[in-house]
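Report on the structure
Below are the chains, spelled out letter by letter.
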Amino acid sequence: MQESTRILNNLPIDPLTGSISVPIYQTSTFVQDAPGVHKGYDYARSNNPTRKVLEDTIAQLENGTNGYAFASGLAAIDAVIKLLSSGDEVIAVDDIYGGAFRLFTHVYQKFGINIKYVDTTNAQNVADAVTDKTKLIWIESPTNPTLKISDITAIAQIAKANDILLCVDNTFASPIAQKPLDLGADIVVHSATKYISGHSDLIAGLVVTATEELGAKIKFIQNASGAILGPFDSWLVIRGIETLTLRIKQHAENAQKVAEYLLTEKLIKNVYYPGLPTHHNHEIAKKQQKYFGGVVTFDLVIDDKEIASQIVSNTKLFKLAESLGGVKSLCCLPCEMTHKSIPAEKRYSAGVTDSLIRLSVGLEDADDLIADLQQAIAAAVTANADKSSVTV
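Predicted model only: the values in this text are computed from it and were never measured. (Residues numbered from 1 in each chain as written. Predicted model: local features only at pLDDT ≥ 70, side-chain atom pairs only at ≥ 80, totals over all residues. Heavy atoms only, no water.)

What about the layout of surface pockets?
How we decide: Space inside and on the surface of the protein is sampled on a 1 Å grid over the protein atoms alone, with a cavity defined as a set of points where a 1.4 Å probe fits but cannot get out and a pocket as an open set with protein on both sides within 12 Å along at least 5 of 7 lines; lining residues have an atom within 4 Å of a point. Grid points are joined across faces, edges and corners, and a volume is the space filled by probe spheres set on the points. Each helix is a run of DSSP H or I of at least 4 residues and each strand a run of E of at least 2, with the numbering of both proceeding from the N terminus. Throughout, the ten residues Ala, Val, Leu, Ile, Met, Phe, Trp, Tyr, Cys and Pro are labelled nonpolar, Asp, Glu, Lys and Arg are labelled charged, and all others, Gly among them, are labelled polar.
By volume, the largest pocket is sized at about 410 Å³. Of all the secondary-structure elements, those providing two or more residues to the lining of the largest pocket are helix 3 (73–81), helix 4 (98–106) and strand 6 (187–191). Partitioned by chemical class, the residues of the lining of the largest pocket number nine nonpolar, 13 polar and seven charged. There is about 340 Å³ of room inside the second largest pocket.

Printed below as a string of structure tokens:
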């Protein structure tokens, strides 16, 4: 059975009414037949039928044992870090999402959890960073925003050899394009705000575990901390999953065309997209991803924040906004937006320059998106003709 068929077929029909759409159980509590005797639900923080359908669905999509839905992607990340204890150490990808960096560095380091940031595109760097205190390896592949690719299988082997958990943030690929648990990871997290929901209308996070034992630990944290996803937002994510396969295919097709066009622009220095043969670890991406995703980033031959700002401010179809993964195309300037919390020196060392622009390529016609970028770049070239590095 193909995955698109499996997704739709596995979403349950409501047994009470026959509703083909999963009902929204908008309730805080559930009536019990006797003290402690109920139908599997007692209080909505602990369990909710709508949320349970989402959690079971994402577990199936990632080929995991258990799934859990949280109020945001950061709440999902927070739950995973709460598996650790003071004195433990995390090896994390250097080109990390700014929110995760803020959480790791400014919250959990205060509680005695040490974070090492390494370039995980070379698995040997991970192996070299391991100590007897390392309890978790945290990678994104592709990363946000420079789309670095890490060899999940190779890093999973390092983790298992040293009795370390491997968590993969699979937000950019989605379970349609990549299944990290099948490659040896222990935990997968998603910002379901992005591709999984797909319509820029909610905030949500998901965690999937490879074993029942890990699942029970995440469930305890979810219930104890209370950062659960509400029933209506759970229903919206379920609705997004119904079209996930179709959307991911089109996002990737459009992004490939946009990336290939950007290679032709003289103002652009680097184009980052795993689907380009020139992309670092392109062959690994081909091996572990079915599709290359919908995010494309690029920087300029002159690393000028003002020129980059002009480009993202002058697009018409690409809307200037945080986030990504929706049906409408978005653009942003990470140094002033998504990655502003990361110190400039660290940001640059990870490749996030002042002129780096991130595109979330949506489902509009690719030719229209390319034309939009062409006019915005041409306008920036004209406005900065006095700068010697800016040429047509």
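The rest of the description comes next.
Observations regarding the environment of A34
Our working definition: Burial classification: accessible surface area is computed with a 1.4 Å probe over protein chains only, and a residue below 20% of its type maximum counts as buried, one above 50% as exposed, and the rest as partly exposed.
Along the polypeptide, A34 turns up in the loop between helix 1 (3–10) and helix 2 (49–61). By relative accessible area, A34 is classed as partly exposed at 32%. C-alpha of A34 to C-alpha of T153: the two residues are 119 residues apart in sequence and 49 Å apart in space.

Some details on the state of the cysteines
Under the convention used in this document: In plain terms, two cysteine sulfur atoms within 2.5 Å form what is called a disulfide here.
Applying the stated criterion across every chain yields a total of zero disulfides. Of all cysteine sulfurs in the structure, the one in C332 sits closest to C331, which takes part in no disulfide; the separation is 7.4 Å. Cysteine C335 remains unbridged, with the sulfur of C332 as its closest cysteine sulfur at 9.3 Å. A residue is classified by how much of its surface remains accessible, and C335, at 5% relative accessible area, is buried.

What about the domain arrangement of the chain?
Just so we agree on the cut-off: These domain limits were set by an automatic method or by a database of domain assignments. The contact criterion used throughout is that any non-hydrogen atoms of two residues lie within 4.5 Å. Buried area is calculated as the accessible area (1.4 Å probe) missing from two parts once they are joined, with the contributions of both summed. Polar contacts, as used here, are pairs of N or O atoms within 3.5 Å; protein pairs need one atom able to donate a hydrogen and one able to accept it. Residues neighboring in sequence count only if both atoms are side-chain atoms.
Here the chain is partitioned into domain 1 (3–240) and domain 2 (245–390). The straight-line distance from the C-alpha centre of domain 1 to that of domain 2 is 27 Å. At the junction of the two partners, domain 1 supplies 38 residues and domain 2 supplies 40 residues. Note on domain 1 versus domain 2: buried area summed over both sides is about 3100 Å², and carbon and sulfur give 59% of it. Counting the contacts that link domain 1 with domain 2 gives 16 residue pairs in polar contact (both at pLDDT 80 or more). Counting only elements with at least two residues in the side of domain 1 that touches domain 2, the list comes to helix 1, helix 4 and helix 7 (174–177). Across the side of domain 1 that touches domain 2, the residue classes break down as 17 nonpolar, 15 polar and six charged.

Considerations on the packing of aromatic side chains
Spelled out, the test is: Stacked, tilted and edge-to-face pairs are distinguished by plane angle, under 30 degrees for stacked and over 60 for edge-to-face with tilted covering the rest, among Phe, Tyr and Trp rings (Trp via its six-membered ring) whose centres lie within 6.5 Å.
Enumeration over the complete set of coordinates arrives at six aromatic pairs. On the numbers, 5.5 Å between centres and 35° between planes, the contact of F30 with Y41 is tilted. Pair noted here: F30 is in the loop between helix 1 and helix 2 and Y41 is in the loop between helix 1 and helix 2, with a separation of 11 residues, a long-range link. Between F104 and W138, the aromatic rings sit 5.4 Å apart at their centres with planes inclined by 90°, giving edge-to-face as the arrangement. Of this pair, F104 sits in helix 4 while W138 sits in strand 4 (residues 134–140), and the two are 34 residues apart along the sequence. Classification of F104 as buried rests on a relative accessible area of 0%.

Quick look at the sheet that holds strand 11 (residues 330–332)
Inclusion rule: Between any two strands, pairing holds if DSSP finds at least two bridges. Under this scheme, a helix contributes an axis fitted over its contacting stretch, all axes are lines through C-alpha atoms, and angles between N-to-C directions fall in the 0 to 180 degree range.
On the basis of which strands lie adjacent, the open sheet formed by five strands has the order 8-9-12-11-10 and mixed pairing. The open sheet has two edge strands with one neighbour each: strand 8 (268–272) and strand 10 (319–320). Pairing of strand 11 with strand 12 (residues 357–360) involves three bridges; the strand directions are antiparallel. Bridging across to strand 12, C331 finds its partner in L359. Along the sheet face, helix 10 (residues 244–262) touches strand 8, strand 9 (295–300) and strand 12 and points at about 15° away from the line of strand 9.

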